[in-house]
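Topology and contacts: notes
Below are the chains, spelled out letter by letter.
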Amino acid sequence: MSLFLISTSRNISSLYRQRFLSFTPRLLSSNQYNNDIIQAKKQLKVNPSSAKQSPRLRRYHYYVLSIATGALIGTIYALRQVRKHEGSLPEYVANPELLERKAMEARPLPPPVTKHITFDAPPRKNFPFNITLYQFVTCPFCCKVRAYLNYNRIPYDIVEVNSVTQKETKWSLYNSVPIVVIENEQIQLNDSNMIISAIESYLRQPTQTFKNIMKLYKSVVEKDQKGNLIFNYPNRYFIIEPLINDQLEVIKEEQKPIVNNQTESFFTRFFSRFFSRSISQSDIDSKKLQNEPIYKPKSNEENEYERQWREWVDNTFIHVISPNIYCTLRQSLNTMHWFSKAGEWEEIFPWYQRWIFIYVGAITMRGLAIYLKKKYNLNDNVRISLYACGNEWVNSIGEKDFHGGSEPNLADLNVYGILTTIQGSEAFQDLMDNTKIQPWFKRMKNLVELHRIDTSIMTIIECTGCTLIAYGIPFSMFVFTIAHHPFRVIIAMTSAFFWLLSLLLSSLLWFAVVPLRNQLAFAVPFAVLFQEIFRYLFYRVIKKAEFALQKVQLQELTEKGMVFDRFAVAYAAGYGFGFISGTFAIVNVLSDMTGPGTIGIFGHSQDFFIATAFLTLAIILLNTFWGVVLFTSLDQGGIHQYLGPIVVVLTHMLFSCLTLFNRTTRPIYSISIITGYVILCGIIVYALFLRGFNIRQRLNRQ
């Protein structure tokens, strides 16, 4: 045991001895380190320059630290603001033209036109495009566009939009009116100021296509939080000159109406004197138009002055209109009644909806008028603000007749259009009585509304007259030569069915060839070929069924002592072709006659209806005798079995292609009508020759 204790104590003492020996160098080294520190401090105290550099280094450190801290705080704040307003930042649409093109493809055709606006005098400057205006009749912005088109005598169609459902403009991405569509090129124009500026730019400097004008009025489209598109047009107040490569020669375009008036066809003058009372009035108006001032290009100062007042109309004048026409509950109610009458709400809405619109709308608009008065800081007596705007406008005119001088400018037309919106309200009458604006308004009305023809229903006299021209002779032919023979009636109906088959095949080809779908010149030759092919097929069917048809007629033939008459079959077959073809040619025109029609339609001449009636008569008679020539020549054989079909196809093709002249901006109806009746006379003579008719023998027998 003692030995164990002795050995343990030795081990412990040896362990402490080793640790002490290992700690001693560390202690010595730490003492040396402390000595080094003391020596360094002494050196610092001895060197004064090092003592001066230390605060400067510290300042640099503070600068760097403060900059880094500020950058960090700014970054954090910016990120928070971006996240906070992330949903409200505007989102711009990159390619709005593609969206508008798709919207135009979805537009229902034909548009539900409610009125055709034409004029009894030619346009002030040629505008060779058909226009459709989507509008609210009481919308001030739509009134501005109508005033501009009426002043320039540009024909246009009106589509009245339901102010509640707006189903007529569901296809459009632009959720407002007015909307103008250039039908010739399927282009949509939005915003009243942009519409007026774009058309005015074309009138001042015509271009090859209207798309060249639209390149100058690019839209900036934004998308809000709800996904609605907001259209902005930065150039909407500017009249822009198109590129030189896109311009047309104005001199030639201006000389065309003069040449056409001097070379007016005998047909137009002759028939217009019998069927239209407006020819003499047109001659008078043409003399009046010769006294109109010639358009002179405006200077930059005049354009700038005009643009400033156009902006004044939208930024100042229009804001005093609503608070004045709804300034009291009684006036608000009277205004809504006037809107109901002007907008023809009785024909659009049921009685209970109209009652809600008038009475609830009057209360709502009264509240809106109070809000607008505060928003635009108007006088408590809003009439004073209205009179102030009226006097400001009159003072800008000065001693001139119009704001533009001797002729109205775009600012004149804008103010006039706005005033026509409230023409039936008390505010309008108060404005006329308490300011000096009334003489100017009367001068504008005489210029804008003088030549306008706005009829909602075509006169029954012209409709009846055109119908008798087109169907009088064919109806007599049917009564005296076909109606008493059931067999001929069946032949005529069957041939009409074959014509419908040719129309179906032509329509399928037109629908399949997409690039040429809008080119009527492409469709006409194929339609003629398909009609003649099916006429020949019908002849082959009659030829094969001749024996059976003779049996069907056996009883009738034996009673009357008649034989099977191939000429009568050919005549009935041609009549069926002609009657159904003429019906399809005039049915749409008759529809427009019975609905909202005018002397002219879709911007055409005043002779459009009567010319269509004479063309329809020619189509019916030509098809009748084309059938006779084809059937008889094929039955006769010899050289006529080749000559007859060739004559039929060539004359049919010639007459159909000549009708393309009727679709120009200034249609020449006389070419197709005179040529058509000359061809008809020749075909009748050839048909009688094939029949064996000899006029000398007839005269000798008598």
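Here the structure is a predicted model, which means the values were calculated and not measured.

Reading the values: rules and limits
- Residues numbered from 1 in each chain as written.
- Predicted model: local features only at pLDDT ≥ 70, side-chain atom pairs only at ≥ 80, totals over all residues.
- Heavy atoms only, no water.
- Patch = residues over 30% accessible without salt bridge, like charges linked within 9 Å, V, L, I, M, F, W, Y side chains within 5 Å.
- Areas by Shrake-Rupley, 256 points an atom, 1.4 Å probe, with all protein chains shown as cover.
- Salt bridge = Lys/Arg side-chain N within 4 Å of Asp/Glu carboxyl O.
- Helix = DSSP H or I, 4+ residues; strand = E, 2+ residues; numbered from the N terminus.
- Buried < 20%, exposed > 50% of the residue type's maximum accessible area, 1.4 Å probe, protein only.
- Polar contact = N/O pair within 3.5 Å; in protein donor to acceptor, adjacent residues only side chain to side chain.
- Contact = heavy atoms within 4.5 Å.
- Arc of directions from axis to C-beta.
- Axes fitted to C-alpha atoms, helices over the stretch in contact; angles between N-to-C directions.
- Parallel < 35°, antiparallel > 145°, perpendicular 65-115°, else oblique.
- Left-handed = near helix turned anticlockwise from the far one by under 90°.
- Nonpolar A, V, L, I, M, F, W, Y, C, P; charged D, E, K, R; others polar.
- Core = buried A, V, L, I, M, F, W, Y, C linked by side-chain atoms within 4.5 Å.
- Domains from an automatic or database assignment.
- UniProt positions renumbered as here; feature names shortened; annotations may be inferred.
- Expected span 1.5 Å × (residues − 1).
- Pairing = 2+ DSSP bridges.

So, a nonpolar patch on the surface
Together, Trp351, Tyr352, Trp355, Ile356, Tyr359 and Val360 make up an exposed nonpolar region whose accessible area comes to about 670 Å². Mapped onto the fold, Tyr352 is located in helix H14 (residues 351–375). For Tyr352, a relative accessible area of 44% corresponds to the partly exposed category.

Overview of the side chain of Thr207
One can find Thr207 in the loop between helix H5 (192–204) and helix H6 (211–214). For Thr207, a relative accessible area of 0% translates into the label buried. A distance of 2.7 Å separates the side chain of Thr207 from the backbone oxygen of Thr209, its partner in a polar contact. Ignoring anything within four residues of it in the chain, the contact list for Thr207 reads Tyr202, Asn212, Ile213, Pro242, Asp246, Gln247 and Leu248.

So, the environment of Glu100
Structurally, Glu100 can be placed in helix H3 (residues 96–105). Note on Glu100: relative accessible area 17%, which makes it buried. As a C-alpha pair, Glu100 and Trp171 span 71 residues in sequence and 9.8 Å in three-dimensional space. Ignoring sequence-local partners within four residues, the contact set of Glu100 consists of Leu173, Asn190, Ser219, Phe231 and Tyr233.

Digging into the side chain of Thr169
Structurally, Thr169 can be placed in the loop between strand S4 (156–160) and strand S5 (179–182). Thr169 has contacts with Tyr134, Val161 and Ile179, leaving out every residue within four places of it along the chain.

Thoughts on helix H17 (residues 426–434)
Within the span of H17, buried status applies to Ala427, Phe428, Leu431 and Met432. Burial along H17 is one-sided: seen end-on, the buried residues are contained in an arc of 135 degrees. Buried-residue contacts for H17 involve helix H11 (321–325), helix H15 (382–397), helix H16 (410–421) and helix H18 (438–448).

A look at the packing of helix H4 (residues 140–151) against H5
For the pair H4 and H5, the least separation of the axes is 9 Å and the interaxial angle reads 15 degrees. As the angle between them shows, H4 and H5 are arranged roughly parallel. Relative to H5, H4 is oriented so that their crossing is right-handed. Listed contacts from H5 to Phe141, Lys144, Val145, Tyr148 and Leu149 of H4 are Ser192, Asn193, Ile195, Ile196, Ile199, Glu200 and Leu203. Here the residues of the contact of H4 with H5 are counted per class, giving eight nonpolar, two polar and two charged.

Considering the nonpolar core
Ranked by size, the top nonpolar core spans 86 residues in total, and within it Phe127, Leu189, Ile199, Phe210, Phe317, Leu419 and Trp440 carry the most contacts. If you count residues domain by domain, this core takes at least three from each of domain 1 (94–240) and domain 2 (303–453). Every residue in contact with Phe127, bar those within four places of it in the chain, is listed here: Ile154, Ile182, Ile199, Tyr202, Leu203 and Phe210. In this structure, Phe498, Tyr539, Ala570 and Ile619 belong to the second largest nonpolar core, which totals 54 residues.

Section: the pattern of salt bridges
Tallied over the full model, the rule gives 10 salt bridges. Its salt-bridge partner being Glu304, residue Arg307 comes within 2.1 Å of it at the nearest N-O pair. Separated by three residues within a single helix, Arg307 and Glu304 lie in helix H10 (residues 300–315), roughly one turn from each other. When the shortest N-O distance is used, the salt bridge between Arg535 and Glu532 registers 3.0 Å. Pair noted here: Arg535 and Glu532 are both in helix H21 (residues 520–544), with a separation of three residues, about one helical turn. In terms of burial, Arg535 and Glu532 fall into one category: buried. Where salt bridges share partners, they join Glu200, Arg204 and Glu306 into one cluster.

So, the UniProt feature "transmembrane region" (unreviewed entry) in the protein
Mapped onto this numbering, the UniProt entry annotates "transmembrane region" (unreviewed entry) at residues 60–79, 457–482, 489–513, 519–538, 568–588, 608–630, 642–661 and 667–689. Along residues 60–79 one finds 100% helix and 0% strand; the C-alpha atoms at either end are 29 Å apart. The distance from the first to the last C-alpha atom of residues 608–630 is 32 Å, and the span holds 100% helix and 0% strand.

A few points about helix H27 (residues 669–691)
Between its first and last C-alpha, H27 extends 33 Å over 23 residues, near the 33 Å set by a 1.5 Å rise per residue. Along H27, the residues that are buried comprise Tyr669, Ser670, Ser672, Ile673, Gly676, Ile679, Leu680, Ile683, Tyr686, Ala687 and Leu690. A positive backbone phi angle near 95 degrees is found at Gly692, which sits one or two residues after H27.

Digging into the pairing of S5
Alternating residues of S5 divide into Ile179 and Val181 and Val180 and Ile182, and every residue in both groups is buried. Across four bridges, strand S3 (residues 131–135) lies against S5 in antiparallel orientation. For Tyr134, the partnering residue across the bridge sits in S5 and is Ile179. Bridging between S5 and strand S6 (residues 187–190) involves four bridges; their strand directions are antiparallel. From the neighbouring strand, Ile179 faces S6, where its bridge partner is Asn190. Hairpin connection of S5 to S6: four residues between the antiparallel strands, including Gln186 at a positive phi of 55 degrees.

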